Structures are given as C-alpha cells and as structure tokens.
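# Chain and residue survey
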Amino acid sequence: MVASIPLPPTQRSLDTGVLTSEAPSPAPVTAKEKTETAATPDSVAIPEKTKPPKVSEKPTPAPPKHVQPITPPPTKAVTGETAGIRIAQSTMELKNGTSSVSIQDRSFGERYAYYVSIVNSKVSQNWYKSEADPIASMDKSATIVFDIDREGVPSNARVETRSGSPSLDTSALRAVQRVDGFGPLPAGNRITVEFTFHFRPQ
Amino acid sequence: MPRPQRTPLLRSTRRFRLVVLFACLAGALTLRAQEGFHTETSTGVTNIRIAVADFKPGSGDAQTFKGTFDTTLYADLANAGIFDVVSKSLQPQTTPGVPAEMNIQQWAVAPASAAMVAFGNFSVESGKIVCNGFLFDAKNAQFPQILAKQYNEEASDDSARQIAHRFADEIIFRLSGGSQGIAESKIVYVKFNGADKEIWEMDYDGANQHPISKLGSISLSPRISPDNSRIAFSSLGKDGFQIRVFSLILGRMVTFTGTGGTNLSPAWAPNGKDIAYSSSRSGDPEIWISDANGSLARRITSFRGPDVSPTFNPRTGSQIAWISGRTGLPQLYIMDTDGSAVQRMTDGGYATSPSWSPNGQFLAFAWDRKYGPGAPGGQDIYVMEIATKRWIQLTHDGGRCDFPSWSPDGRHIVYANTADGKASHMKIMTMLADGTQKRALTGTGADMPNWSWK
C-alpha cells in the first residue's frame with residue numbers, strides 16, 4: 001500500500017534493497033603474509049637468540065552471517081493517514097490546523113476514541129520542543145512505543161524508529177516519561193501505543 | 001515486542017487509493033495483532049469543547065431541584081479549567097433524556113460544534129431524586145457513549161447539588177486523563193464573627209457555608225487532614241494559642257496535647273499522621289513536628305528568628321516549606337523533615353503563608369517585594385517553581401492578598417483578598433493557577449482559606 005501513495009518513499013523504506021542498504025556487507029578477512037627478509041652477502045650474522053621463524057597467519061574464516069530479517073515496510077502511509085477504509089473518524093480542531101485520527105479495524109481505537117485523544121493531548125502537552133536541537137531535528141519524526149497498564153500508567157517507553165536526531169529522540173522519550181497517567185483504561189488490561197513526534201518549526 | 005506479518009511491498013502495488021493529506025498534523029491509527037494504537041503529535045492542544053444539555057425533567061416535582069442541578073453541573077464543568085463549555089445559547093434547543101433520543105449530529109455541527117455532550121434525565125420519585133447522566137463523544141458516531149451514571153438520593157436542594165458535583169467529577173476524571181475533579185472538595189476558612197473568629201467550611205464553589213467550631217474565641221489557620229476526617233487549627237484559650245483538632249466524623253473536638261508557648265499554623269503531613277506547627281515553647285518560635293494527637297513532639301529548626309507557617313510537600317511528605325525571619329524580614333525556605341538541607345527560596349521582600357502544590361513542583365505564597373518604609377508595598381500571590389526558583393505574579397493591583405492554598409488538582413488557587421486594605425474586609429477569592437478567572441467565593445469577613453486534599 002505504500003507504493004500507492006504518489007510520493008517518493010522516505011528514508012525508512014529505502015533500507016529494504018541490497019544496493020541501497022545502509023549496512024555494508026562484511027568483506028572477507030585476509031592477513032598479510034609475513035616472511036623473513038633474505039640475508040644480503042655483506043651482512044654479518046648477529047649472534048642473538050634465534051627467534052622462531054614467523055609463520056604466515058592462516059586466514060580466519062569470516063564469521064557465519066546471521067540472516068537479517070527483512071522487516072517489510074509498514075502498511076500505513078508514511079504521512080500518517082491510512083489508505084484503508086475509514087470506519088470512524090475523529091477530528092480535533094486545533095489552533096494551527098487539524099489533527100485527524102482515523103481508526104482502522106481494531107476495536108480499541110474505534111470504541112474509545114476519546115481515550116486516544118487524551119493520550120495524544122497529554123503527551124503533546126509534555127513534549128518540550130526546546131529540548132530537541134532545532135536544526136538537526138527539522139522535519140524529522142521519532143516514533144516512541146510504550147505500554148499503558150490498566151490504571152493508565154505508561155511504562156516501557158522505547159524508541160521504535162529513530163529520527164536521525166538524537167536530541168529529538170530523547171525529547172520524545174522524555175515526553176512520554178513525564179506523564180504520570182492517562183486515566184484508567186476504559187477496557188482491557190494493557191495497551192500498546194505507538195506515538196510519532198513530528199518536529200516542525202513554529 | 002513481536003510484530004505481526006505485514007504485507008510485503010511488492011504485493012501492495014496492485015491497489016491504488018487516494019489519500020488526503022492534511023497540512024501539518026495528520027495522525028493515524030494502526031493496530032497490531034495485540035491491542036494497541038498509534039497516534040501522533042499535534043502542534044496545538046486546546047481544551048475539550050463540551051456541551052452541557054439541560055437535563056430532561058421527569059415525573060414529579062423535578063423542576064425545583066433540576067434548576068439547581070443544571071446550574072451546578074454547568075458551573076462545575078466551566079470551573080474545571082480544562083473544558084471549553086459551549087454556551088447555552090449556542091446549543092440546539094432539544095433536551096434529550098436517554099441515548100435513544102440523542103441526535104449527536106446536531107451537537108457536533110455549528111453553532112455548538114461540541115466534541116463531548118453531557119445530558120440525561122432528572123426526576124423525583126417518592127421523595128427521592130433519580131438522575132441518569134450520560135456523556136457522549138460527538139466525534140465518534142459509531143460508539144459515542146463514554147459514561148452512563150445513575151444517582152439516587154434524598155430529594156433536597158443540597159443533594160441535587162451533590163449529585164451534580166459527583167457527575168461533574170466523573171466527567172472530569174474521564175476526560176482529563178485520570179486527574180481527580182475538585183467538584184466535591186471543600187474549603188475551610190476563618191469567619192469573622194464580631195470580635196471572634198470561628199472556623200467555617202464551604203463547598204469549593206462557595207455554596208453551603210456552615211460553621212465548624214463554636215469556641216467563642218479567636219481561631220486561626222484551619223487545615224483539613226488528608227483523609228478529610230479532621231480539621232487542625234490554632235485557637236486562643238486560657239493557655240494562650242494552642243493547636244486544636246476537630247473531628248468531622250465525631251462532630252466534636254478531639255485531643256491534642258497542649259504545651260507552653262504560642263502554637264500556630266498547623267500543617268498535616270500527606271500520610272495523615274504527623275502535624276508540623278510553629279511553637280515558641282523554647283522561647284523562640286520554631287517548627288515542631290508531632291503526632292496527630294500532639295505526642296512525640298520533636299523540634300526541627302534551631303536558628304534564632306521566628307519560624308512559622310510550615311507546609312509539607314504533599315507529593316513526597318519528606319520536605320517542609322516555611323517562613324523564617326532568621327535574616328531579618330520573613331523569607332521563604334524549604335528543608336527536609338529532619339531539619340537538614342535548608343534552602344532559601346526568596347531573595348528579599350516580605351514573604352508569608354506558603355502552600356505547596358499537589359504535584360510537588362510549585363510553591364504559592366504571598367509576597368510583598370517592595371516592603372519597607374517609603375516603599376509602595378503591595379502584597380500579592382506568587383507561584384514559584386522550586387527547581388528553578390523562577391516565579392510568576394498572579395494577582396496585580398487588587399489590594400492585599402494573602403493565604404493562598406492549592407486545589408487538589410493543582411489547577412486552582414484559593415486566597416484571601418481585601419480590596420481596600422482593611423483587615424475586616426477580607427474575602428475569599430478563587431482563581432486558576434495562571435491567575436485568570438478570579439472570582440469571589442464569600443462576602444467580606446472571611447480569611448485564611450484551606451482547600452481539602454480531595
């Protein structure tokens with residue numbers, strides 16, 4: 001579905017091809033052969049301890065390559081809109097535009113859209129953009145994944161997709177860690193939230 | 001976290017869909033095999049726009065109490081500080097009573113443009129109020145219901161108010177992400193009764209003002225305990241000023257061991273077991289901590305100069321902020337509850353009556369920054385961030401302000417203010433913690449308010 005968007009794909013999806021991979025393939029290791037220098041006719045043998053002749057090192061075999069699992073690109077659109085059928089849509093009117101949250105096919109977001117917007121507003125309020133370096137983070141996005149338990153306490157926050165700007169990643173992680181709680185979950189014991197922080201200059 | 005199989009890139013090229021792009025702030029939800037959702041930042045976070053419908057009157061003599069109920073519910077949600085309440089004139093003229101009668105589309109479009117709607121029905125049956133309240137999400141057409149509550153109380157004006165308070169607190173708890181609403185909280189204060197000063201209590205919005213103490217003398221600085229069971233205050237008796245404790249459950253005074261000296265400004269620790277107060281039993285007013293009945297008193301300050309008005313850190317209970325005159329004019333200090341790590345917070349002026357915010361980050365206090373002979377004076381309420389010592393001034397040019405006290409949600413401050421400077425004209429005012437929405441709760445003759453912990 002990513003290819004259906006008439007936009008060039010972003011950096012994240014480029015990593016699937018071998019030619020454009022950022023991880024270089026390991027080259028085989030070869031060691032230089034070390035031999036003794038030949039004695040010239042003028043040279044006088046220096047009486048010294050005989051050193052054992054150096055043997056050229058055997059080439060060490062390359063360590064077995066682990067097959068990297070290729071993660072297929074996410075089916076959601078990079079801009080954040082799903083290309084799928086929208087069942088229920090909640091739109092928040094905001095000062096600088098609209099935030100649209102469209103719900104796909106699972107029950108939680110559909111049933112409890114108000115809880116999603118609470119999570120959204122609480123984390124956004126606690127995100128201090130000044131912690132991210134503005135030049136390095138310009139137009140970058142960091143995705144943080146965290147769990148919410150039954151009481152609404154966030155835990156286990158981790159960076160899922162790095163943005164390329166470490167200060168943005170740290171500021172995003174701290175935003176989630178600052179929140180004490182989102183209020184008790186309306187249903188279920190635990191939920192996982194994927195939160196994307198877009199850094200945009202004011 | 002294990003990821004589910006996703007459609008590989010190649011297979012999806014078959015489908016073409018138009019995607020509408022929003023300018024800045026599109027959010028998307030994709031849900032994985034386990035429960036979860038995805039969302040994104042938005043550049044502006046505004047208050048939730050909530051519409052409060054008039055409740056549909058049911059059978060019986062509902063009209064008299066329903067009026068109180070409607071106005072109280074509206075005021076509670078408007079005072080919460082987190083909502084943008086749709087004004088009554090912009091609402092559709094219908095009064096839905098049950099979810100079946102509710103046409104949510106009407107409320108979601110202009111002029112109401114509500115994001116949430118609170119509605120329900122209210123009737124009086126055989127001397128009892130039966131009230132059903134619902135909260136609907138106007139943006140979620142498929143599953144709009146967020147709350148459905150039923151209340152059943154004795155029919156009276158006071159219980160109509162209490163039901164409105166409880167419903168408002170439920171709505172606030174749900175929509176603010178778990179922070180407790182203040183609609184059921186109380187404020188204790190000092191009321192001037194001729195030459196006497198007695199302790200009175202009222203609801204957080206100024207209603208239901210009634211007396212607590214009837215000692216016939218001067219009673220000052222009341223403080224409610226964290227579990228709302230007792231009020232500690234300082235009262236002038238035959239042994240001078242002593243700490244007295246009134247039990248709200250038993251309806252009478254309970255024991256607090258008296259000691260020598262002048263004992264003022266009691267403060268409860270968040271565990272409800274310790275009381276810190278200022279006592280001059282050693283000659284110089286120092287901060288002492290004792291049990292809730294006055295035993296095991298231990299002194300924690302030891303410098304010459306008056307030490308008064310302690311307040312605990314309500315989040316940790318391990319720090320005390322207080323006013324000390326050890327350098328001359330009274331200044332604001334914080335220390336640990338064993339007396340160590342003393343830190344001075346104000347840099348001059350005349351500071352009094354600190355109150356520590358519920359999240360532990362701010363101190364509200366009264367400060368006269370230009371104090372002294374010939375100086376313009378003016379005592380106002382300031383809020384200082386403890387970590388950075390940066391402060392903001394909340395009241396300006398309104399007359400002398402004193403005794404700020406934080407609300408349990410950390411969004412409101414109640415304080416005493418006298419417009420013309422005369423002590424007898426003090427009244428109690430409330431405002432949001434950023435200084436907006438100031439309004440009076442009592443008439444003149446009330447002082448030293450203290451907001452309950454929940």
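Residues numbered from 1 in each chain as written. Chains lettered and ligands numbered in written order. Predicted model: local features only at pLDDT ≥ 70, side-chain atom pairs only at ≥ 80, totals over all residues.

Before going further, it helps to examine the overall build of chain A. In terms of helices and strands, chain A carries four helices and five strands. In chain A, buried positions account for 31% of the 202 residues. For chain A, long-range pairs separated by at least 24 residues make up 64% of all intrachain contacts whose partners lie at least 6 apart in sequence. (Helix = DSSP H or I, 4+ residues; strand = E, 2+ residues; numbered from the N terminus. Buried ≥ 20, exposed ≤ 12 C-beta atoms within 10 Å, placed from the backbone. Contact = placed C-beta atoms within 7 Å.)

Next up on the list: the overall build of chain B. Check the secondary structure of chain B and you find three helices and 32 strands. Along the first, second and third principal axes, the C-alpha set of chain B runs to 85 × 65 × 45 Å. Burial analysis of chain B (454 residues in total) assigns 47% to the buried set. In chain B, once contacts between residues fewer than 6 apart in sequence are set aside, the share between residues at least 24 apart is 44%.

Quick look at the nonpolar core now. Residue and element names in this part refer to chain B. Counting 139 residues, the largest nonpolar core has Ile50, Leu77, Ala114, Met116, Val117 and Ala118 as the members making the most contacts within it. Top contributing element to this core by residue count: helix α3 (residues 157–175), with eight residues. Three or more residues apiece are contributed to this core by two domains, here domain 1 (48–175) and domain 2 (186–451). Once residues lying within four places of it in the same chain are set aside, the contact partners of Leu77 are Ile50, Val52, Phe83, Val85, Ala168 and Ile171. (Core = buried A, V, L, I, M, F, W, Y, C linked by C-beta atoms within 7 Å. Domains from an automatic or database assignment.)

Time to look at the domain arrangement of chain B. Residue and element names in this part refer to chain B. Taken domain by domain, chain B holds domain 1 (48–175) and domain 2 (186–451). Placing a centre on the C-alpha atoms of domain 1 and another on those of domain 2 gives a separation of 37 Å. Between domain 1 and domain 2, the residue contacts involve five residues of the former and six residues of the latter. Of all the secondary structure elements, the ones that give two or more residues to the side of domain 1 that touches domain 2 are α1 (62–79) and α3. The residue inventory of the side of domain 1 that touches domain 2, partitioned by class, reads one nonpolar, two polar and two charged. (Nonpolar A, V, L, I, M, F, W, Y, C, P; charged D, E, K, R; others polar.)

Right, let's get into the environment of Asn417(B). Assignment of secondary structure puts Asn417(B) in strand β29 (residues 412–418). When residues no more than four places from it in sequence are discounted, the contact partners of Asn417(B) are Gly398(B), Gly399(B), Cys401(B), Met426(B), Lys427(B) and Met429(B).

Another point: the environment of Leu248(B). All names here are of chain B. Secondary-structure assignment places Leu248 in the loop between β14 (240–247) and β15 (252–254). Residues Leu248 and Ile50 lie 198 residues apart in sequence; the distance between their C-alpha atoms is 36 Å. Not counting chain neighbours up to four residues away, the residues in contact with Leu248 comprise Asn228, Ser229, Arg230 and Ile231.

Below, the discussion takes up unusual backbone geometry. All names here are of chain B. With omega at 5 degrees, the peptide bond leading from Ala110 into Pro111 counts as cis. For Leu296, which is not a glycine, the phi torsion comes out positive at approximately 55 degrees. Phi at Met448 takes a positive value of approximately 50 degrees, unusual for a residue other than glycine. Here Met448 shows up in strand β32 (residues 446–451).

Before going further, it helps to examine the sheet that holds β14(B). Residues and elements named next belong to chain B. As summarised here, the arrangement of the four strands in space is β12-β13-β14-β15, forming an open sheet in which the pairing is antiparallel. Both edges of this open sheet fall to β12 (219–224) and β15, since each of them pairs with a single strand only. Across the sheet, the axes of successive neighbouring strands diverge by a mean angle of 35 degrees, strand direction being ignored. Here three bridges tie β14 to β15, and the two strands are oriented antiparallel to one another. Counted as the bridge partner of Phe246 is Met253 from β15. (Pairing = 2+ DSSP bridges. Axes fitted to C-alpha atoms, helices over the stretch in contact; angles between N-to-C directions.)

Turning to the sheet that holds strand β31 (residues 439–440) of chain B, a few remarks are in order. Residues and elements named next belong to chain B. Spatially, four strands are ordered β28-β29-β30-β31 in an open sheet, and the strand pairing comes out antiparallel. Because the sheet does not close on itself, it has two edges, and the strands there are β28 (400–406) and β31. Bridge analysis of strand β30 (residues 427–432) against β31 gives two bridges, and the strand direction is antiparallel. The residue bridging Met429 from the neighbouring strand is Ala440, located in β31.

So, about α3(B). Residues and elements named next belong to chain B. The end-to-end C-alpha distance of α3 is 27 Å, a good match for the 27 Å that 19 residues give at a rise of 1.5 Å each. If you check which residues of α3 are buried, you get Ala160, Arg161, Gln162, Ile163, Ala164, His165, Phe167, Ala168, Ile171, Ile172, Arg174 and Leu175. Among the residues trailing α3, Gly177 stands out with phi positive, at a value near 75 degrees. (Expected span 1.5 Å × (residues − 1).)

It is worth spelling out the pairing of β12(B) at this point. All names here are of chain B. By the criterion of burial, β12 is predominantly enclosed, with five of the six residues buried. Where β12 meets strand β13 (residues 230–237), four bridges bridge the pair, whose relative direction is antiparallel. Of the residues in β13, the one forming a bridge with Arg223 is Ala232. Once β12 ends, the chain turns through five residues before running back antiparallel as β13, passing Asn228 with a positive phi of about 60 degrees.

Residue and element names in this part refer to chain A. Here chain A averages 69 in pLDDT, and 50% of its residues register 70 or above. Taken together, the stretch residues 9–15 has pLDDT below 50 and engages in ten contacts with residues farther than four places along the chain or on a different chain. In the predicted structure, residues 76–105 sits below a pLDDT of 50 and forms 96 contacts with residues beyond four places in sequence or in another chain. (pLDDT = per-residue confidence, 0-100.)

Residues and elements named next belong to chain B. In the contact formed by α1 and α3, the axes pass within 8 Å of each other and the chain directions differ by 35 degrees. Seen along the crossing, α1 lies across α3 with a hand that is right-handed. Of the residues in α3, those in contact with Phe65, Thr68, Phe69, Thr72, Leu73, Asp76 and Leu77 of α1 are Asp157, Ala160, Arg161, Ile163, Ala164, His165, Phe167, Ala168 and Ile171. When its residues are assigned to classes, the contact of α1 with α3 shows ten nonpolar, three polar and three charged. (Left-handed = near helix turned anticlockwise from the far one by under 90°.)

A few words now on helix α4 (residues 166–178) of chain A. All names here are of chain A. Taking 1.5 Å of rise per residue, the 13 residues of α4 would be expected to cover 18 Å, and the 18 Å separating its terminal C-alpha atoms lies within 8% of that figure. Among the residues of α4, those classed as buried are Leu168, Asp169, Ser171, Ala172, Ala175 and Val176. Projected down its long axis, α4 carries its buried residues within an arc of 165 degrees, all on one side. Elements in contact with the buried residues of α4: α3 (113–125), β3 (141–149), β4 (154–161) and β5 (190–198). (Arc of directions from axis to C-beta.)

On to the confidence of the model for chain B. Residues and elements named next belong to chain B. Summing up the model confidence of chain B, the mean pLDDT is 88 and the portion of residues at 70 or higher is 91%. Confidence drops under a pLDDT of 50 for residues 7–33, and excluding neighbours within four residues, the segment shows 83 contacts in the predicted structure. Among the prediction metrics, the complex's ipTM stands at 0.72, with pTM recorded as 0.73.

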